Amino acid sequence: MSNVSFRSVSKTYGNVRALDNLELDIREGEFISLLGPSGSGKSTTLNLLAGLQDVSGGRVFIGERDVTDLPPEKRDLALVFQNYALYPHMTLFENIAFPLRAKSPVPSASDIERKVRSTAEALGIGDLLARYPKEISGGQQQRVALGRAMVRDPRVFLLDEPLSNLDARLRIRMRRDLRALHAQLRSTIVYVTHDQSEAMTLSDRIAVFSDGKLQQLGTPEDIYYRPANTFIANFIGDREANLFPVEISRVGDRLELAGAGLTIRLDRALDAAKARSALAGIRPDSVELVAPDSSQASGVAEVVDQELVGADLYVFVKTGAGVEICSRRDPRQRLRLGEPVGISVRQGDVHLFDASTEVCISPGDAGILERQE
Ligand code: ADP
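Read on for a plain summary of the structure. Note that this is a predicted model, so its numbers are computed, not measured.

**Examining the pattern of salt bridges**
Step number 1: According to the stated counting rule, one finds 23 salt bridges in the structure shown.
Step number 2: For Arg 17, the salt bridge identified is with Asp 20, shortest N-O distance 2.9 Å.
Step number 3: Given a relative accessible area of 22%, Asp 20 falls into the partly exposed group.
Step number 4: One salt bridge in this structure joins Arg 336 and Glu 339, with 3.8 Å as the shortest N-O distance.
Step number 5: Here Glu 339 falls in the buried class, since its relative accessible area comes to 18%.
Step number 6: Where salt bridges share partners, they join Arg 171, Arg 175, Asp 195 and Glu 198 into one cluster.

Structure representation (structure tokens):
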């Protein structure tokens, strides 16, 4: 069942089209991330859902209800922002109890006590309730802000970059906590972030935005292994994908790609497209560097640069055609600059994109998805 629906929703500011004809159905109980670079329309989408801004066109539904013209307080949502201002002169207990006391009729003191305590327990801050905000850490303050949203039992939680004020380590730890919290609450969570790894680890599904348009909606695996276009292939993943033009020829049921000084054979047909040329997209983790004379090699290249990032080594090689290809590899297998190497490509991970629209015309076969199903 869908819990939130956007029907042809647009938002313009003067001549800036912040959101263009959004069609999106969010399921009951799912954790969905709105992901995209800065200015892509994520916050606009969230603000239109919350009722903090008015749509320029289209309708917004929560459950069966058309909420497009309802004010925020009538939409049964709870918002947690990046700047989760807690009331400094109130204890954590009073901060969390605040929305309950604002209800009409006000619940009884024992009901408030029970609700605040059970919420705080769920968030792991049950023994801190007598403290004031300045006496707890940033991560704990973020939990109080979540608690203040949770006590209202909203239909939908809207979280706008809620971890971005925390330091890098704490952000990563809080991801697990948020996942556990979602597993426990089973409420619908709409989560805005520009951090693709945060979206990948937290979400049931991810809606990726660019230029005010929804580019792809899918599970983290879908988005990673079946990118809908070159924007997604570049934006998702720790590094940009290698993208280069190829000429396609058909050898029986197979394809042969020639480009960037490489010849790559794919065990797949390309039905619809009579395409003779395309853009090939291959992530650095799908490129392996082998001996130049290996039978696995699709072509040869020379090492031009290396970047060590913790457990990963990114090696940049230049092919005979002068195209730079990036490969991820074990840092224990460092190479020498200028060293000749063979490029071996995991063929199931090669995506083909239309050369002019940059839309995917043949995704990799993503064996990992089949194994999961
Ligand atoms: P994101 O959350 O992905 O960073 P936004 O939804 O905030 O992006 O913004 C989308 C586009 O709309 C951007 O080009 C931004 O500059 C523009 N925009 C957002 N809010 C306003 C506003 N109040 N007035 C004018 N332009 C705005």
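**Regarding the pairing of strand β9 (residues 205-210)**
Step number 1: Across the six residues that make up β9, a large majority, six, are buried.
Step number 2: Residues of β9 alternate between two faces, with Arg 205, Ala 207 and Phe 209 on one and Ile 206, Val 208 and Ser 210 on the opposite face, all of them buried.
Step number 3: Two strands pair when backbone bridges link them, and strand β3 (residues 31-35) and β9 are joined in this way by four bridges, in the parallel orientation. Within the sheet, the bridge partner assigned to Leu 34 lies in β9 and is Ala 207.
Step number 4: Sheet topology places β9 next to strand β10 (residues 213-218); five bridges connect them, and they run antiparallel. Bridge pairing in β10 links Ser 210 to Lys 213.
Step number 5: Here β9 folds back onto β10, and the loop between the two strands holds two residues, one of which, Asp 211, carries a positive phi near 55°.

**Details of the sheet that holds strand β8 (residues 188-193)**
Step number 1: Here six strands make up an open sheet; going across it, the order is β6-β7-β8-β3-β9-β10 and the pairing mixed. Of all strands in the sheet, those bounded by a partner on one side alone are β6 (77-80) and β10. The mean angle between the axes of side-by-side strands here comes to 15°, regardless of whether they run parallel or antiparallel.
Step number 2: Strands in contact with helix α4 (residues 138-150) are β6 and β7 (156-160); relative to β6, the strand with the most contacts, it is inclined by about 170°.

**A word on helix α1 (residues 42-50)**
Step number 1: Most of α1 sits inside the fold, with eight of its nine residues counted as buried.
Step number 2: Taken as a whole, α1 has its buried residues at Lys 42, Thr 44, Thr 45, Leu 46, Asn 47, Leu 48, Leu 49 and Ala 50.

**Looking at the site of the ligand**
Step number 1: As a matter of local geometry, the ligand sits amid Tyr 13, Val 16, Ala 18, Pro 37, Ser 38, Gly 39, Ser 40, Gly 41, Lys 42, Ser 43 and Thr 44.
Step number 2: Between an oxygen atom of the ligand and a side-chain N or O atom of Lys 42, the distance comes to 2.9 Å.
Step number 3: Ser 43 places a polar side-chain atom, nitrogen or oxygen, 2.6 Å from an oxygen atom of the ligand.
Step number 4: Alone, the ligand offers 560 Å² of accessible surface; in the complex the protein occludes 59% of this.
Step number 5: Of all the secondary structure elements, the ones that give two or more residues to the shell around the ligand are β2 (16-27) and α1.
Step number 6: At three residues, the largest contribution of residues to the shell around the ligand is made by α1.

**Here's the deal with α4**
Step number 1: The end-to-end C-alpha distance of α4, which contains 13 residues, comes to 18 Å, matching closely the 18 Å that a straight helix rising 1.5 Å per residue would cover.
Step number 2: Within α4, ten of the 13 residues are buried, which leaves it mostly tucked inside the rest of the structure.
Step number 3: Among all positions of α4, only Gly 139, Gln 142, Arg 143, Val 144, Ala 145, Leu 146, Gly 147, Arg 148, Ala 149 and Met 150 are buried.
Step number 4: Looking at the packing, one finds that the buried side of α4 touches β6, α2 (92-101), α3 (109-122), β7 and α5 (168-185).

What counts, and at which threshold
- Residues numbered from 1 in each chain as written.
- Predicted model: local features only at pLDDT ≥ 70, side-chain atom pairs only at ≥ 80, totals over all residues.
- Heavy atoms only, no water.
- Salt bridge = Lys/Arg side-chain N within 4 Å of Asp/Glu carboxyl O.
- Buried < 20%, exposed > 50% of the residue type's maximum accessible area, 1.4 Å probe, protein only.
- Helix = DSSP H or I, 4+ residues; strand = E, 2+ residues; numbered from the N terminus.
- Pairing = 2+ DSSP bridges.
- Axes fitted to C-alpha atoms, helices over the stretch in contact; angles between N-to-C directions.
- Contact = heavy atoms within 4.5 Å.
- Near = heavy atom within 4 Å.
- Polar contact = N/O pair within 3.5 Å; in protein donor to acceptor, adjacent residues only side chain to side chain.
- Areas by Shrake-Rupley, 256 points an atom, 1.4 Å probe, with all protein chains shown as cover.
- Expected span 1.5 Å × (residues − 1).

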